Amino acid sequence: MFGLTLSLQKAALPLALFCVLYAVKRLVEFRQAVRLTGNWPGFRTLFNDRFLFFPFRARGISPGPQWMFYTKHADFEKAGWDVLTAVNAFPSPGISYYIADAAIIKEILGARARFPKPPEIYEPLTAFGSNILVTEGEVWKRQRKIAAPAFSERNNRLVWDETIRILEDLFHNVWEDKDVVEVDHVLDITVGITLLVIGVAGFGRRISWIDDGIAPPGHSVTFKDALYKVSHDLFLKIIFPPWLLRIGTPRMRKYIQAHTELDAYLKEMVQNRRSAEVKEERHDLFTSLLDANEDETDHEAKLTDSELFGNIFIFLVAGYETTAHTLAYALIFLALYPEEQEKFYQNINSILPSDRAPTYDEFGSLSYAMAVFHETLRHFAPVTTIPKQSAEDTAFNLTNAAGEKATIAVPRGSFLALCTHSLHHNPRYWDDPGAFKPERFLGNYPRDAFIPFSGGPRGCIGRGFAETEAVAVLSMIVSRYTIGVREEPQFAGETFEQRKARLLDTDNTLTIYPKRAPLVFKRR
């Protein structure tokens, strides 16, 4: 026994020495990183905010995941500057820059070569193949050349017409023209709408609300359900290896099943389109993408099948999830602010005769609908940050609210986070930033301080698709129904601020979304 104890003591000594040396090395590297930032204000923590295994905000340990969504611009105001630095010690020392300065963000978004995307952040979005969202350089240029023509004026018109049809189907066949319709969660409505829209305007799959629950032969789940499950639980792919997902919890196994089903759907659509003897003229994204790829004369420029599937998947996810979540927040805001809802309704009445659906030619006149959508995006942009990295040693010149000027060094390889919500709540650009004021988007507004669709050459290719769909959805609903908060006895007596906080309480997967918002729709 004595000999065993002595052996353990001898083994413990070098282990302890190794741990001490490792800690000292990390401390030295940490202090060097702090010096490289010029000791600029910000966070000095053990872990950065992207460390998956400590998802909390704790002083000296982690800034916390999505911290800029919860604090908005407060941390920047406290520091007195619209750039913050963060230096973390583990698992390896690193430097991050958090930016809420419109001029610097414009510089970063306009310089793709100097500030590329960090590939490891976007890796989960390659679940079905390389795509326009995750690539850089010449690969991105090649993919964009093929993908961009799909987002055309003809597709926008298709989006509008199909959205109107889907809303009419909802009102008549699901809500059955009832005077009062209560929903337990607004997402139950908006997710259904946007999935049906992307199904037909994105992929030529016209499905009604009634027959959407039936899986076609050869499939165990519907196209819509497979897409929803994959996008909603894509974070599982980040955390767990495929073999564990196959044998893990029921949620993991359902994700793998949905992934397999969606992969089969995508391959079937490509194969059916390629093998069709007569190719009818259609303007959905999927058909346009395949046509553009087949018409490309330069064989080297064509998309591979993997790239086709990857881009189709991104069109699917971006085409329904971000818009569904933003529409949900917009309907919540309109329920909370009936005076804004009335202004919206009056704008519609000034354009449309009663009981007529708006046409695509009236899209530009429905200014309040677009203003509501944009103000909702200002408050709840789908992603909290736009990640970039510095490809070279550089520096940012900035001026704070007090007029003081400074230059901050940015070493090569630094992580850059363009803080969408902090920028959108920066009082230097937005008057009363915490308020819901759609009118601010009816005139001139600080466009460089509004980046829900990113910006520069890498701006969202589907912006027109999303805006067209959103204006159609909001205009149709507000023209036919007043929107209110469904009363529930357990929340009787709550203040307006408490109700607002409850309905806008947020969670996130790929994008942010309201946890639960019960609403009531009353026929006008």
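Now for a description of the structure that goes with this document. The structure presented is a predicted model; accordingly, all values stated were derived computationally and were not measured. (Residues numbered from 1 in each chain as written. Predicted model: local features only at pLDDT ≥ 70, side-chain atom pairs only at ≥ 80, totals over all residues. Heavy atoms only, no water.)

1. So, the side chain of E307
Here E307 lies in helix α14 (residues 305-336). Among the polar contacts listed, one links the side chain of E307 to the backbone nitrogen of T304, at a separation of 2.9 Å. (Helix = DSSP H or I, 4+ residues; strand = E, 2+ residues; numbered from the N terminus. Polar contact = N/O pair within 3.5 Å; in protein donor to acceptor, adjacent residues only side chain to side chain.)

2. What to know about the layout of surface pockets
Of the pockets and cavities examined, the second largest pocket occupies roughly 370 Å³. Lining the second largest pocket are 15 residues; nearest its centre among them are G42, F43, R57, R59 and K78. Of all elements in the fold, only β1 (42-45) and α3 (74-79) reach the threshold of two or more residues within the lining of the second largest pocket. Per element, the largest residue contribution to the lining of the second largest pocket is four residues, and it comes from β1. (1 Å grid on protein atoms, 1.4 Å probe; cavity = no way out; pocket = protein on both sides within 12 Å on 5 of 7 lines; lining within 4 Å. Points joined across faces, edges and corners; volume = space filled by probe spheres on them.)

3. Things to note about the environment of T126
Tracing the chain through its elements places T126 in the loop between α5 (119-122) and α6 (137-147). Along the sequence, T126 and E307 sit 181 residues apart, while their C-alpha atoms lie 9.3 Å from each other. Beyond its immediate chain neighbours, meaning those up to four positions away, T126 contacts N131 and V134. A distance of 2.5 Å separates a polar atom in the side chain of T126 from the backbone oxygen of E123. (Contact = heavy atoms within 4.5 Å.)

4. Quick notes on the sheet that holds strand β12 (residues 519-523)
Pairing within the open sheet is antiparallel, and its three strands lie in the order β4-β12-β9. The open sheet terminates on both sides in strands that have one partner only, identified here as β4 (180-183) and β9 (481-485). For this sheet, the mean angle separating the axes of adjacent strands, direction not counted, is 20°. Of the pairings in the sheet, the one linking β4 to β12 comprises four bridges and is antiparallel in character. If you follow E182 over to β12, its bridge partner there is V520. (Pairing = 2+ DSSP bridges. Axes fitted to C-alpha atoms, helices over the stretch in contact; angles between N-to-C directions.)

5. Observations regarding the sheet that holds β1
Read across the open sheet, the five strands follow the order β1-β2-β3-β8-β5; overall the sheet is mixed. Unpaired on one side and paired on the other, β1 and β5 (385-389) mark the two borders of the sheet. Sheet twist, expressed as the mean angle between neighbouring strand axes with direction ignored, is 20°. Across the face of the sheet, helix α4 (residues 102-109) comes into contact with β2 (83-88), β3 (94-99), β5 and β8 (415-419) while running at roughly 125° to β8.

6. A word on the pairing of β12
In this sheet, β12 lies alongside β9 in antiparallel orientation, the contact comprising five bridges. From the neighbouring strand, G484 faces β12, where its bridge partner is V520.

7. Concerning the packing of helix α9 (residues 223-232) against α14
Two elements in contact, α9 and α14, have axes whose closest approach is 11 Å; the angle formed by their N-to-C orientations is 85°. The orientation of α9 relative to α14 falls into the category roughly perpendicular. On α14, the residues touching F223, L227, Y228, V230, S231 and H232 of α9 are F313, L316, V317, Y320 and E321. Residue composition of the contact of α9 with α14, by class: eight nonpolar, two polar and one charged. (Parallel < 35°, antiparallel > 145°, perpendicular 65-115°, else oblique. Nonpolar A, V, L, I, M, F, W, Y, C, P; charged D, E, K, R; others polar.)

8. A short note on helix α19 (residues 496-503)
Listed in full, the buried residues belonging to α19 are R499, K500, R502 and L503. Angular distribution of buried residues about the axis of α19 spans 165°; they occupy a single face of the element. Looking at the buried side of α19, the elements it contacts are α14, β9 and β11 (512-514). (Buried < 20%, exposed > 50% of the residue type's maximum accessible area, 1.4 Å probe, protein only. Arc of directions from axis to C-beta.)

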